[in-house]
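Chain and residue survey
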Amino acid sequence: MAEAHSAVAFSFSITHEGWDVNFDREVLHLVWASGIRSWKKRLARFKNNVRNGVFPAPLQSLWAMMGIVLALRYANNTFIKYTDIILQYLPGTSYIWQIVSCFILSLTFWLILIYIVRYTFKIMLMYKGWMYESRGGHKVSLQTKLWGLGVKLLSSKSKPLLYSYQGSLPKLPLPPVNQTMKRYLKSVRPLMNDSEFESMIKLANEFEDGIAVKLQRYLWLKSWWSSNYVSDWWEEYVYLRSRTPLIVNSNFYGTDAIMLHSTSIQAARAAMIIWQCLQYRRLIERQELEPIRVQGLVPLCSWQYERIFNTTRVPGAVSDKIVHYNDSRHIVVYHAGRYFKVIIYSQNRILHPCEIEEQIQSILDNTEKPYAGEEKVAALTAADRTHWANTRTQYFFKGINRQSLDAIEKAAFVVTLDEVPYEYDPENSKKLDEFGRILMTGKGYDRWFDKSFTLCIGSNGRVGFNAEHSWADAPVMGHLWEHFLCGDLVVGYQENGHTKGAPELEPPKPIRLQWNLEPVLEAIEKSTQVSLALVKDIDLRILAFSDYGKGFMKTAKVSPDAFIQMALQLAYYRDAGKFSLTYEASMTRLYREGRTETVRPCTLESSTWVKSMLDPNVDTNKRITLLREACATHQRGYQDAMCGKGIDRHLFCLYVVSKYLEVESPFLNKVLSEPWRLSTSQTPHGQTTQFDLRKFPNCISAGGGFGPVANDGYGVSYIIAGENLVFFHISSKKSSPHTDSNRFAVRITEALNDMKSLHDDWKRSTKQPSS
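Report on the accompanying structure. A quick note: this is a predicted structure, and the numbers were derived from the prediction, not measured.

Bringing a nonpolar patch on the surface into the picture now. Taken together, the side chains of W220, L221, W224 and W225 present a nonpolar region at the surface, about 580 Å² in accessible area. Mapping W225 onto the fold places it in helix α9 (residues 211–225). For W225, a relative accessible area of 69% translates into the label exposed.

Pasting the structure below:
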């Protein structure tokens, strides 16, 4: 218990001579430094809030307005009356008070002008016509060109902070029920026979003409009153109220830049990625991180960045909650079954990479054995949520277990130093499969699945992450990951593989977390068995498709994302012998606090094209025409989803309102119970201006993945990595007789090759110039 004793800042006793107080000056100095740092952050936050509140006008423009008002005050007698009105309410009329009246008047004019500009900017951001037009050439309308010029003029007057655009972003629009119903019925037509579709039409009409009117009225009120009518309910009911294990079912993972291997020294690579993450956290705290803008013009919501660090998911008996701490001076490192608290600040600064490397190496060199239950305690975070909530309340509410749990939950993030290498070999695909599986599940108990993310460091220096999903979506972690991969190349390592520089101070020694887990062993073992069953059941295959990539897809004159989605439709039909309800995630971050919307790639057009590919009587020209129609329909669906015209989030919110009102809807019950047997997502690539594949052509991450949504379905994540490479992460359950990840990878390869052959045949038949 030496740590507990050293944590006492002062002690006192009562003697015959009065109070006897003993101070620990070192600890009090740390308390003082922490307070100073906290106040500096508050002042910086206040300053940034002011700047965000008046964006796009710089604060300096206030003084320009003050100069104009003063000049008019003393040069124009008719202007005096305006300042005289203000003087009537001030304590005096002296020269000083006249200056004060001029300042108040200039401030008023300045704020009125700013909010006129901000409101104008907000109205302009409501326009979404640009989404449906080509990026260049004659297809862009004059209206869109004028709109783009206006947005550029209004948003480029000063450098934006991370949250500068938040107040100008429009709210997510609530679509009319009849439009959502039309889109829904059209989306399910290829999945139903005539009698099933007629039955669905009847249910939909009864819903639209009946209870939907009342539900929509309540939802309209919520959309008017709240910042976003979807996001809080989506977070609460889809994520936090789910009682299923986080491992496989919720958390997702991301991989390293697999074509680079900067260093094989585990401590050095861990130190560098930790330092890069801390630098990124500082950019967020200071709001110096550049906000993402689509086409360099239209801003995306930055709300989700706030909870990247210092955040944990706390289990509850009925519903979990997300807890975010304003600051954290430490991280927690897991290695060989032991947990260590690592202080990452000293002398009022972040430790340098070489200093962090010393701390990490000391953990790797530590030969102490884990306490009883310590090695597998994180299995509690992986398995059933109610079991973890009850165990946490009973055994982690006080004592050293509470202290150690606090250290983990209040950490900036968690780092796992794995004892196995993460390998990539183009000639051996199983190594990349194992790379992804380690990041997705680990051993089932060596990632703290509740934390916003866990950094995973292989014994050979390769890295990855495992992220909890409720606090944000994958593109936010993707942004952090790109920042790290770019920074890793820029900062670099010594020739011997260690971090650069020499320590300027002796870094704080890692503190071993203490546990008393003897009473918890049974609960830990129960969670471990649940977690291990899920680990053993997951089937993961990572396909590196290198025959062609984005370059060829563009020559086919279709969206690369639509091209891949059509390949997935063809692959699934060949695999399952039927079409399935397909989920593709799109973002709604063009709106305030937007998260995701569902695109339904299985459409009438896509199913017609898939059938044509299997019908030998359909000629090449017809197949090409059907493919382009299917891709155009898909792209329009994706654009609709991004512009608030999606199907599923609206129906989801109507369902939530019906549950609050205790009204049963057969239509909504049927819609919300439909399984997504093919769940897909594109990993974003090149979100930051730093990411330049022309400069760093090998800085290509293999992307990341997630588990299947349905027990008899597939989870497919893909990343278009450069012009000639696409990675697919294909997951399924081994226990399902209907799915096989390796088989589906073969189906995807066949579909992509058939689409290439189709395009080549069409070019030859029409004598098109070669691409």
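Applying the stated criterion to the full structure yields 38 salt bridges. Across the pair D256 and R269 runs a salt bridge, and its minimum N-O distance is 2.8 Å. With D256 in the loop between β3 (252–255) and α11 (266–285) and R269 in helix α11, this pair connects stretches of sequence that are 13 residues apart. Overall, R269 belongs to the buried group, its relative accessible area being 2%. For D754, the salt bridge identified is with R574, shortest N-O distance 2.8 Å. Placement of D754 in helix α25 (residues 741–766) and of R574 in helix α20 (residues 560–576) is noted, with a sequence separation of 180 residues between them. On the basis of relative accessible area, R574 is assigned to the partly exposed category, the value being 23%.

Attention now moves to the packing of aromatic side chains. All told, the structure shown has 33 aromatic pairs when counted by the stated rule. Seen from their ring centres, F121 and Y165 are 6.1 Å apart, and the 45° between their planes marks the pair as tilted. A residue pair is termed long-range when its members are at least 10 positions apart, and F121 in helix α5 (residues 95–126) and Y165 in the loop between α6 (142–155) and α7 (177–188) qualify at 44 residues. Both residues of the pair, F121 and Y165, belong to the buried class. The ring of F340 is capped by R512, whose NZ or CZ atom sits 6.0 Å from the centre of that ring. Above the face of the F552 ring, K756 is positioned so that its terminal group lies 5.1 Å from the ring centre.

The subject of this paragraph is empty space enclosed by the protein. Following the criterion strictly, the structure yields three cavities of 30 Å³ or more and no others. If you trace the largest cavity, you find 18 residues lining it, with L172, V230, T588, T596 and R649 closest to the centre. Within the residue set of the lining of the largest cavity, elements represented by two or more residues are α10 (231–240), β18 (596–599) and α23 (648–660). The residue inventory of the lining of the largest cavity, partitioned by class, reads seven nonpolar, eight polar and three charged.

Let us look at the packing of α20 against helix α22 (residues 620–642). How two helices pack is summed up by the angle between their axes together with the distance between the axes. It is the contact of α20 with α22, at a shortest axis distance of 9 Å, that shows an interaxial angle of 115°. The pairing of α20 with α22 is recorded here as roughly perpendicular in orientation. Between α20 and α22 the crossing geometry is right-handed. When α20 is examined against α22, the residues D561, A562, F563, Q565 and M566 are found in contact with a partner set consisting of L627, A630, C631, H634 and Y638. Tallied by class, the residues present in the contact of α20 with α22 amount to seven nonpolar, two polar and one charged.

Attention shifts here to the sheet that holds strand β16 (residues 538–545). If you walk across this open sheet you meet the six strands as β16-β22-β21-β19-β17-β18, and the pairing is mixed. Looking along the sheet, the strands with just one partner apiece sit at the ends: β16 and β18. Averaged over all pairs of adjacent strands, the angle between strand axes in this sheet comes to 20°, irrespective of strand direction. Taken strand by strand, helix α18 (residues 521–537) contacts β16 and β22 (726–733), and its axis lies near 40° from that of β16. On the sheet, α22 packs against β17 (582–587) and β18 and is oriented at approximately 50° with respect to β17.

Structurally, S586 is set in strand β17. Dropping the residues within four chain positions of it, S586 is found in contact with R595, T596, E597, V599, Y638, A641 and M642.

Glancing now at the nonpolar core. In terms of nonpolar packing, the biggest core is built from 113 residues, with I274, Y305, I308, F413, F453, L455 and F667 touching the most fellow members. For this core, the element with the most residues is α11, which contributes twelve residues. Not counting residues within four places of it along the chain, the set of residues in contact with F667 comprises M181, Y184, M200, L203, A204, F207 and L651. Membership of the second largest hydrophobic core comes to 42 residues, among which are A571, I624, L626 and Y714.

Definitions and limits used
Residues numbered from 1 in each chain as written. Predicted model: local features only at pLDDT ≥ 70, side-chain atom pairs only at ≥ 80, totals over all residues. Heavy atoms only, no water. Patch = residues over 30% accessible without salt bridge, like charges linked within 9 Å, V, L, I, M, F, W, Y side chains within 5 Å. Areas by Shrake-Rupley, 256 points an atom, 1.4 Å probe, with all protein chains shown as cover. Salt bridge = Lys/Arg side-chain N within 4 Å of Asp/Glu carboxyl O. Helix = DSSP H or I, 4+ residues; strand = E, 2+ residues; numbered from the N terminus. Buried < 20%, exposed > 50% of the residue type's maximum accessible area, 1.4 Å probe, protein only. Phe/Tyr/Trp six-rings, centres within 6.5 Å; stacked < 30°, edge-to-face > 60°. Lys NZ or Arg CZ within 6 Å of the ring centre and 35° of its normal. 1 Å grid on protein atoms, 1.4 Å probe; cavity = no way out; pocket = protein on both sides within 12 Å on 5 of 7 lines; lining within 4 Å. Points joined across faces, edges and corners; volume = space filled by probe spheres on them. Nonpolar A, V, L, I, M, F, W, Y, C, P; charged D, E, K, R; others polar. Axes fitted to C-alpha atoms, helices over the stretch in contact; angles between N-to-C directions. Parallel < 35°, antiparallel > 145°, perpendicular 65-115°, else oblique. Left-handed = near helix turned anticlockwise from the far one by under 90°. Contact = heavy atoms within 4.5 Å. Pairing = 2+ DSSP bridges. Core = buried A, V, L, I, M, F, W, Y, C linked by side-chain atoms within 4.5 Å.

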